[in-house]
Amino acid sequence: MDKHITIQDLIHRSIRIFSISTARYLILAGIAYLLFYVIWKEKWTHKKIQERFPDKTRIWFEFKYSMLNMLIFVITGLFVFYMSSLGYNKFYKHIADYGWGYFFISIIIMIFMHDTYFYWMHRFMHIKALYPYVHKVHHQSINPTPWAAFSFHPLEGFLEAAIVPIITLLIPVHPAALFIFILFSTMLNVLGHLGFEIYPKGFTKSKWMWWNNTSTHHNMHHHYFDYNYGLYFNIWDRLMGTNHPQYHETFEEMASRNKS
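Quantities reported herein were computed from a predicted structural model and do not represent experimental measurements. (Residues numbered from 1 in each chain as written. Predicted model: local features only at pLDDT ≥ 70, side-chain atom pairs only at ≥ 80, totals over all residues. Heavy atoms only, no water.)

A. The arrangement of the overall build of the protein in detail. Secondary structure summary: the protein contains 12 helices and 0 strands in total. When the helices and strands of the protein are listed from N to C terminus, the series reads α-α-α-α-α-α-α-α-α-α-α-α. The C-alpha radius of gyration of the protein comes to 19 Å, within 12% of the 18 Å expected for a compact globule of 260 residues. Overall size of the protein, expressed as C-alpha extent along the three principal axes, is 65 × 40 × 40 Å. Looking at the protein residue by residue over its 260 residues, the buried ones come to 50%. For the protein, the proportion of contacts with a sequence separation of at least 24, taken over those separated by at least 6, is 76%. (Helix = DSSP H or I, 4+ residues; strand = E, 2+ residues; numbered from the N terminus. Rg over C-alpha atoms; globule rule 2.2 N^0.38 Å. Buried < 20%, exposed > 50% of the residue type's maximum accessible area, 1.4 Å probe, protein only. Contact = heavy atoms within 4.5 Å.)

B. Spatial organisation of the side chain of Lys48. Mapped onto the elements, Lys48 comes out in the loop between helix H2 (41-44) and helix H3 (56-85). Buried Lys48, no salt bridge; nearest opposite-charge side chain is Glu62, N-O distance 9.5 Å. Side chain to side chain, Lys48 and Asn143 meet in a polar contact 3.2 Å long. Apart from residues no more than four positions distant in its own chain, Lys48 is found in contact with Tyr37, Phe53, Asn143, Gly195, Phe196, Met254 and Arg257. (Lys, Arg positive; Asp, Glu negative; His and termini not counted. Salt bridge = Lys/Arg side-chain N within 4 Å of Asp/Glu carboxyl O. Polar contact = N/O pair within 3.5 Å; in protein donor to acceptor, adjacent residues only side chain to side chain.)

C. Inspection of helix H12 (residues 247-255) at higher detail. Restricting attention to buried positions, one finds in H12 the residues Tyr247, His248, Phe251, Met254 and Ala255. An end-on view of H12 places all buried positions within 125° of arc, on one side of the element. Looking at the buried residues of H12, the elements they touch are helix H10 (215-224) and helix H11 (235-240). (Arc of directions from axis to C-beta.)

D. Representation of unusual backbone geometry in the model. If you check the backbone angles, Phe225 has positive phi at about 75° while not being a glycine. Positive phi values are uncommon outside glycine, yet Asn228 reaches one of about 60°. Mapped onto the elements, Asn228 comes out in the loop between H10 and H11.

E. Structural context of the environment of Ile7. Relative to the helices and strands, Ile7 is located in helix H1 (residues 7-39). Under the relative-accessibility criterion, Ile7 is labelled exposed at 57%. Put simply, Ile7 and Phe152 are 145 residues apart on the chain and 29 Å apart in space, counted from C-alpha to C-alpha.

F. Looking closely at the nonpolar core. By size, the foremost hydrophobic cluster in this structure holds 25 residues, and its most contacted members are Met110 and Phe181. Looking at this core, the elements with two or more residues in it are H3, helix H4 (99-125), helix H8 (163-170) and helix H9 (175-192). The leading source of residues in this core is H4, at 9 residues. Those residues in contact with Met110 that lie beyond four places of it in its chain are Ile167, Ile171, Val173, Ala177, Leu178 and Phe181. Membership of the second largest hydrophobic core comes to 19 residues, among which are Ala29, Tyr37, Trp44 and Leu194. (Core = buried A, V, L, I, M, F, W, Y, C linked by side-chain atoms within 4.5 Å.)

G. Structural view of the side chain of His139. Mapped onto the elements of the fold, His139 is located in helix H6 (residues 136-139). What makes His139 buried here is its relative accessible area of 3%. Every residue in contact with His139, bar those within four places of it in the chain, is listed here: His126, Tyr131, His221, His222 and Phe225.

Have a look at this one:
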C-alpha cells in the first residue's frame, strides 16, 4: 500500500463513499417510489407498464441487494482512490487545467462510454453459463420498482461499478464532472426501473428523440430477458438488432393510454 495512505484515510474515504452512494440511491429511488407508488398511484395507474404492483417482499428483496451493492461501490471507490495515489488515473483538480468546455464535454463522453460498456457487459452477463451466477438476481425483479436500480448479485455489482475506474484511466476527469455523471446515471437507472411510462406517444420514432431509451424498453427486458440490453440510448440495440420486435408497438400502447 502507498505509504501516504493510512488506515484512517481508508476509513474516512469508505464512510464518505458509502454515505454519498446510499444517499443518492435513497433520495432518487425514494422520491420516484413515493411519487408513483404512493402519492400519484391512482393518478398514474393507467401508465403502469405491468398492471399488477409488486408485493412488499419483492420490494424488500430489491432494497436489500441494492444496499449490499453500496459496499461494492465502496470497494470500487477505494480502488480508484488508491490508483489516484499512485498517479495511475487521469483526475485533475482545477477546472482551468482543461477549461469549462472540456468539463461539460467530458460528462457527455462518460455517458457514451458507459452506454457502450453497459450494452456489451450486459450481453456478456446473459451468456447461459454465466447468467445464473452473475445476473439472475437482478432478473428476479420481473416487475421492477425504482428500488431495483442497484439490485444486483455482488459479482454484477463489481462489473457495473467497473466503469468508474475505466473512465478515470482513459480520459482526464474532474471529480465534480464524475459526480455529475454518476448522478445522471443513477437518475436514468431509476427511470428505467420506474415501472411507469412517462414519455408521450411517438417518442420512440421521433427524429429528435428516437435515440433515447424509455421505461418501457427496460421493463420489457425484465419481462422477456433476451431483448433490450441498452442503458441510456437505443443506439446499440438498433445496430445489433436486439430491440424487442414489439417494442415500438408496446410503447405506443402504453403512451396512448388514457385515465379511465
